[in-house]
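# Close look at the chain arrangement
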Amino acid sequence: MERRTFLKAGLALAGSAAGAFLVRGAEAALSAGTASRLEALAKRLRGEVVFAGDPRYAMLGQPWNAEFAAVRPAAVVLAADENDVAAALALARDEGLPFVARNGGHSFAGFSATEGMVIDVRALNAVTVDPAAETATVGAGQTNLPLYEALWPHRKVVPAGTCPTVGVTGLVLGGGIGRLSPLYGLTSDNLLGVRMVTAEGRIMTANADEHPDLLWACRGGGGGNFGIVTELTFRLRPVDMPFTVTTYSFAWPSALKVLRAFQAWSANRPPGSHGDMQLVTGTPADGARIDVEISWAGEPERGRTIARDFVAATGADPVKTDEDTGAFLSTERDWICAGLRADECGFAGLTPNGKLNRYALSAKSDFVFAPWPDDGLAPLIEAIERRQADRALTPTDFHGDTDVGKVLIEVCGGAIDDTAPDATAFAHRGALYLTQYQSRWRPNAGAAVVEANVAWLREMYDAVAAHRSGASYVNYADADLTDWGRAYYGANLDRLRQIKGRIDPDNVFRFPQSIPPA
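Reading the values: the criteria
- Residues numbered from 1 in each chain as written.
- Predicted model: local features only at pLDDT ≥ 70, side-chain atom pairs only at ≥ 80, totals over all residues.
- Heavy atoms only, no water.
- Helix = DSSP H or I, 4+ residues; strand = E, 2+ residues; numbered from the N terminus.
- Rg over C-alpha atoms; globule rule 2.2 N^0.38 Å.
- Buried < 20%, exposed > 50% of the residue type's maximum accessible area, 1.4 Å probe, protein only.
- Contact = heavy atoms within 4.5 Å.
- Areas by Shrake-Rupley, 256 points an atom, 1.4 Å probe, with all protein chains shown as cover.
- Lys, Arg positive; Asp, Glu negative; His and termini not counted.
- Charge placed at Lys NZ, Arg CZ, Asp CG, Glu CD.
- Phe/Tyr/Trp six-rings, centres within 6.5 Å; stacked < 30°, edge-to-face > 60°.
- Pairing = 2+ DSSP bridges.
- Axes fitted to C-alpha atoms, helices over the stretch in contact; angles between N-to-C directions.
- Parallel < 35°, antiparallel > 145°, perpendicular 65-115°, else oblique.
- Left-handed = near helix turned anticlockwise from the far one by under 90°.
- Nonpolar A, V, L, I, M, F, W, Y, C, P; charged D, E, K, R; others polar.
- 1 Å grid on protein atoms, 1.4 Å probe; cavity = no way out; pocket = protein on both sides within 12 Å on 5 of 7 lines; lining within 4 Å.
- Points joined across faces, edges and corners; volume = space filled by probe spheres on them.

### Considering the overall build of the protein
Scanning the protein from terminus to terminus reveals 14 helices and 18 strands. Computed over the C-alpha atoms, the radius of gyration of the protein is 22 Å, within 12% of the 24 Å expected from 2.2 N^0.38 for a compact globule of 518 residues. Judged by the C-alpha coordinates and their principal axes, the protein covers about 70 × 55 × 45 Å. Within the protein, the fraction of its 518 residues that count as buried is 61%. Partitioning the intrachain contacts of the protein with sequence separation of at least 6 by distance along the chain shows that 74% fall at a separation of at least 24. Accessible surface, the protein: about 18,100 Å² in total, of which carbon and sulfur atoms supply 51%. The average position of the 49 basic charges and that of the 60 acidic charges among the side chains of the protein differ by 2 Å.

### Details of the packing of aromatic side chains
According to the stated counting rule, one finds 20 aromatic pairs in the structure shown. Centre to centre, the rings of Phe262 and Trp265 are 5.9 Å apart; their planes meet at 35°, and the pair counts as tilted. On the criterion of helical spacing, the pair formed by Phe262 and Trp265 is a turn pair, its members being three residues apart in helix α8 (residues 255–268). A relative accessible area of 1% places Phe262 in the buried class. On the basis of relative accessible area, Trp265 is assigned to the buried category, the value being 10%.

### Looking at the sheet that holds strand β5 (residues 127–130)
Note on sheets: strands pair through backbone hydrogen bonds, and any given pair is parallel or antiparallel. The strand order across the open sheet formed by five strands is β5-β6-β10-β8-β9, and the pairing between neighbours is antiparallel. The open sheet has two edge strands with one neighbour each: β5 and β9 (203–207). Each strand of the sheet is rotated relative to its neighbour by a mean of 15°, with strand direction disregarded. With six bridges connecting them, strand β8 (residues 191–197) and strand β10 (residues 228–235) associate as antiparallel partners. Bridge assignment links Val197 to a residue of β10, and that residue is Ile228. Where helix α3 (residues 82–95) meets the sheet, its contacts fall on β8, β9 and β10, and the angle it forms with β8 comes to roughly 50°.

### Some details on unusual backbone geometry
With a phi angle near 55°, Glu134 is a residue other than glycine that sits in the positive phi range. Within the element layout of this structure, Glu134 appears in the loop between β5 and β6 (135–139). Its relative accessible area of 39% is what places Glu134 among the partly exposed residues. With phi around 50°, His211 is a residue other than glycine that occupies positive phi space. Position of His211 relative to the elements: it lies in the loop between β9 and α7 (212–218).

### Focus on the packing of α8 against helix α11 (residues 374–389)
Pairs of packed helices are described in terms of their axes, by the angle between the two and the distance that separates them. Closest axis-to-axis distance for the α8/α11 pair is 10 Å, and the angle between their directions is 130°. With respect to α11, the element α8 is oriented oblique. Two packed elements cross with a definite hand, and for α8 against α11 that hand is right-handed. Touching Ala255, Leu256, Leu259, Arg260 and Gln263 of α8 are Asp374, Leu377 and Ile381, all from α11. Grouping the constituent residues of the contact of α8 with α11 by class yields five nonpolar, one polar and two charged.

### Points about the sheet that holds strand β16 (residues 360–368)
One open sheet holds the seven strands; their spatial order is β15-β12-β14-β13-β17-β18-β16, and the pairing between them is antiparallel. The sheet terminates laterally at β15 (320–326) and β16, the two strands that pair on one side only. Sheet twist, expressed as the average angle between the axes of neighbouring strands with direction ignored, equals 15°. Sheet topology note: the strand β13 (residues 274–280)/strand β17 (residues 405–411) ladder contains five bridges and is antiparallel. Bridge pairing in β17 places Leu279 opposite Val407. Sheet contacts for α11: β13, β17 and β18 (433–441); angle to β17, the most-contacted strand, approximately 145°. With respect to the sheet, helix α12 (residues 447–463) is in contact with β16, β17 and β18, its orientation differing from that of β18 by roughly 160°.

### As for the layout of surface pockets
Reported here for the largest pocket is a volume of approximately 630 Å³. Lining the largest pocket are 26 residues; nearest its centre among them are Asn103, Arg122, Thr143, Thr165 and Thr351. For the lining of the largest pocket, the secondary structure elements donating two or more residues are α2 (57–60) and α4 (144–151). At three residues, α4 tops the list of elements feeding residues into the lining of the largest pocket. Looking at side-chain class alone, the lining of the largest pocket contains 11 nonpolar, 11 polar and four charged residues.

Below, the structure written as structure tokens:
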């Protein structure tokens, strides 16, 4: 199996997102006066303001999720420093102009897209390591893979996500789940401090000594709720051990057996091991399959034994096995970047040399706290089978990046549960695993295809309603959720609203699922 086909799309949101609403058509967004003031702003910045006539606009104006490709900004502010961020925010606030802060732009629900102003922080990407303190200070514009590469000479890591282009800022603000989470906790569990531009234009530092409540909120309280983060400080963790990653593909008739075994393994796996699985559609000729990946940090033979023991527990023979033992950085690169240069490991149309196929996506999520019975697992299998048989959703010219439907399951537990549910804003401790329900389609697909994809996803999600916990992952934002505040934040919502009321009482940072001030 090619590593790029095992993409866990968007393990996390990228970039803190804020904005009043989403509408389409950039040209109508600006009055003449606002346009004039934006042009004046451009002269005061260290960075730049990019308008629709600029050749760079086509890429800079795009969010990652092609579902929202038609939501184009009137202007993109390429901030060079936090003062640029503050100046851009002040203009947007004074003009009543919708705005978002963007880094990777990976919001599943389009919250990093706007017809107003995009405040792009990608240039704020410096990484400074303090070896004695074992900390790193990271600019808000960093993304996963470049951050891993910057820290690799120290053989240390921020336990971040997997998709290389996801922004670290949005990831950490929503929690941050990845391959290292069972070993070192969530990305947010390793966050020690932030610098943030508030709605008042003030640059605020939040850490254990200054504004600790705001730091608490930034450790899982979601992107774009309190201000625009410009810098983060993290505790570093060692990754100088070998990593063994074993990937299995199973034939579709084994789906129920593998699901049962993976649930049992999630509850009883060796400490420090990580695993995920996906039920995923394939070409009409090949059919659907089940992929499982098990990774181990430490002595390679122990990792191989863990993987073999899992296969034995399934009672099924994999049709394909792929094993990779090596350094942490190489296994992360192989995830979806195998064979690509660093500048090519980006999405086509979003970065100048990007080679990854861009797609439109809709997703839902659920934290699972106890194994599901067979009557809870069966609807997932049936949904994949329905999609596989539907030529509108699984076309004859099927492409594994752009046409798939899948169920992604990723283990939780381990070090994630070493932190109490109220110690940070991330409330969903004690889960066995996180499930993501995902539907993809091609950019510029017709309305009928889009509607069919969304309907299939909703039907699958509704079919397992009796078994879902009701706890959802804010980094897999779901615009369909009604009681989204409780779903994302659980019992921590009330405290988050109180902090919002103090930091942003006028609710400047608002979007369809932003935390309302108390």
